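# Results of the structural survey
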Amino acid sequence: MTIQEDRWMRAGEVAWGDDLLDPAVVELRAEIARLRRGLSDRAVIDQALGMMMALVPCPHEQAGDLLMDVARRCGLSRREVAVALVATSEGSPFPEHLDHALRGALRRLHKAEGKS
């Protein structure tokens, strides 16, 4: 799934015809959608963190810092970067701008650790 497809799928939180339902039902459906999205977000972020920990190698906290650094520098959410990273395990190329940002994040990490 691409980042654009992911954003499109998340756009429709309330189903068509919900305006005819009791407002409490509409709110509960929206809350269920948010909770499902939160579980999905956590799963893909955890997968990406595991990939980072294996590839770099680094501890969980540093993997999270790397993911956040890339997201911040590219103007994306951690989830969007995680989706792109996990998609590489299914044969999708890692977008060039994310690859560039990740390489920079790794250089900064190694410099901070005293490794040149």
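Note: the structure precedes this text.
Residues numbered from 1 in each chain as written. Predicted model: local features only at pLDDT ≥ 70, side-chain atom pairs only at ≥ 80, totals over all residues. Heavy atoms only, no water.

## Focus on the overall build of the protein chain
What counts is decided by this rule: Helix and strand assignments come from DSSP, with helices taken as H or I runs of at least 4 residues and strands as E runs of at least 2, each series counted from the N terminus. Classification of residues uses two cut-offs on accessible area relative to the type maximum, computed with a 1.4 Å probe and protein chains only: under 20% is buried, over 50% is exposed, and between them is partly exposed. The criterion used for residue contact is that any of the two residues' heavy atoms lie within 4.5 Å.
Secondary structure summary: the protein chain contains five helices and zero strands in total. Going from N to C terminus, the protein chain has its helices and strands arranged as α-α-α-α-α. Buried residues in the protein chain amount to 31% of all 116 residues. Taking contacts inside the protein chain between residues at least 6 apart in sequence as the whole, the part at least 24 apart equals 50%.

## Focus on the side chain of D41
What counts here: Definition of a polar contact: a pair of N or O atoms within 3.5 Å, with one able to donate and the other able to accept a hydrogen when the atoms are protein atoms, and with sequence-neighbouring residues admitted only if both atoms are side-chain atoms.
Following the sequence through the fold, D41 ends up in helix α2 (residues 23-55). You can call D41 buried: its relative accessible area is 19%. A distance of 2.2 Å separates the side chain of D41 from the side chain of R79, its partner in a polar contact.

## Some points on the pattern of salt bridges
Using the following cut-off: For this document, the term salt bridge refers to a Lys or Arg side-chain nitrogen within 4 Å of an Asp or Glu carboxyl oxygen.
Summed over the entire model, instances satisfying the criterion amount to seven salt bridges. We note a salt bridge from E31 to R34, for which the minimum N-O separation is 2.8 Å. Highlighted residues: E31 and R34, both in helix α2, separated by three residues, approximately one helical turn. By relative accessible area, E31 is classed as partly exposed at 33%. On the basis of relative accessibility, which here comes to 32%, the residue R34 falls in the partly exposed class. Among the ionic pairs, D69 bridges to R73, the shortest N-O distance being 2.6 Å. Placement of the pair is D69 and R73 together in helix α3 (residues 60-74), with a separation of four residues, close to one helical turn. For D69, a relative accessible area of 9% translates into the label buried.

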